[in-house]
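Take a look at the letters that make up each chain.
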Amino acid sequence: MNPRNVSGIGMTSQRTRERLARRLGDAGIRDARVLNVIRHVPRHLFVDEALASRAYEDTALPIGHGQTISQPFVVARMTELLIEHRLPQKVLEVGTGSGYQAAVLAALVPQVFTIERMRALHERSRRLFRDLRLHNIRQRLGDGYAGWPAEAPFEGVVLTAAPETIPQTLFEQLAEGGRLVAPVGPPGVQELRVYVRTADGVEQRAVERVSFVPMREGLE
Ligand code: SAH
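What counts, and where the lines are drawn
Residues numbered from 1 in each chain as written. Predicted model: local features only at pLDDT ≥ 70, side-chain atom pairs only at ≥ 80, totals over all residues. Heavy atoms only, no water. 1 Å grid on protein atoms, 1.4 Å probe; cavity = no way out; pocket = protein on both sides within 12 Å on 5 of 7 lines; lining within 4 Å. Points joined across faces, edges and corners; volume = space filled by probe spheres on them. Helix = DSSP H or I, 4+ residues; strand = E, 2+ residues; numbered from the N terminus. Nonpolar A, V, L, I, M, F, W, Y, C, P; charged D, E, K, R; others polar. Buried < 20%, exposed > 50% of the residue type's maximum accessible area, 1.4 Å probe, protein only. Pairing = 2+ DSSP bridges. Salt bridge = Lys/Arg side-chain N within 4 Å of Asp/Glu carboxyl O. Patch = residues over 30% accessible without salt bridge, like charges linked within 9 Å, V, L, I, M, F, W, Y side chains within 5 Å. Areas by Shrake-Rupley, 256 points an atom, 1.4 Å probe, with all protein chains shown as cover. Lys, Arg positive; Asp, Glu negative; His and termini not counted. Charge placed at Lys NZ, Arg CZ, Asp CG, Glu CD.

Draft legend 1. Region of interest: the layout of surface pockets. The computed volume of the largest pocket comes to approximately 480 Å³. Elements with a minimum of two residues in the lining of the largest pocket: strand E2 (67–69), helix H4 (72–83), strand E3 (90–94), helix H5 (100–106) and strand E4 (111–116). When its residues are assigned to classes, the lining of the largest pocket shows 16 nonpolar, 13 polar and 5 charged.

Here it is as structure tokens:
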């Protein structure tokens, strides 16, 4: 890792991260555990060097290949929804992208599994997880529509790309009492939903409007 990354100078400083955490608190993120993680995960390492100075603004940023690192508020909200009743032990993320959401989860839950369909992003995040010593993240190049059957069931599942409807396979890989948090719907009209698997089915509620890249089938 180059010295820029380690020293955290200027716009990537601890103070800048503090400010972001405060802003998210003001915007309605209540879970102190989540705000604390936002304070510590170096988001500037998950974006291109040219965008590092904007890493602690509350906006989505391009990560190449037509994809984006999610807005910090949305990462915080989805994380909060995933852990609000009980801390899951094992979580599956679909859409590794930059790896930022996985790194946030890895600071809170014991085991994180994450799937990405684009090789270039998969490989970049792998280097980053290694450099940051995030050894509780396991990742694979694959199509999230299939989930990760060998590791199921998961107590939490989070989708960071939006399907038009949730694939049945992912509900099947959810433990009873487990939660799935996902943006759902066509581009432009997605809503963030929370699904809870119960003994006799799946309950759902809508949280707020969001805008995510679409979930796509197959590898790239
Ligand atoms: N969690 C990421 C968000 C990245 S954007 C972050 O924190 O940066 C969403 C990602 O989902 C993209 O990288 C996209 O390639 C990936 N994606 C889309 N459809 C997918 C699928 N079917 N399986 C796995 N990943 C998928």
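Once you've had a look at it, read on.
Draft legend 2. View of the pairing of E3. With 5 of its 5 residues buried, E3 lies for the most part within the structure. Here E3 shows no split at all, with Lys90, Leu92 and Val94 on one side and Val91 and Glu93 on the other all buried. Sheet topology places E3 next to E4; 5 bridges connect them, and they run parallel. Paired with Leu92 across the strands is Phe113, a residue of E4.

Draft legend 3. Molecular detail of the pattern of salt bridges. Under the counting rule described, the total for this entry stands at 13 salt bridges. Between Glu123 and Arg119 there is a salt bridge, and its shortest N-O distance comes to 3.8 Å. Pair noted here: Glu123 and Arg119 are both in helix H6 (residues 119–131), with a separation of 4 residues, about one helical turn. In this structure, a network of salt bridges that share partners links the residues Arg77, Glu80 and Glu208.

Draft legend 4. Structural context of a positive patch on the surface. A grouping of Arg15, Arg19, Arg22 and Arg23 is seen on the molecular surface, where their side chains present a positively charged patch. Structurally, the position occupied by Arg15 is in helix H2 (residues 14–26). Classification of Arg15 as exposed rests on a relative accessible area of 63%.

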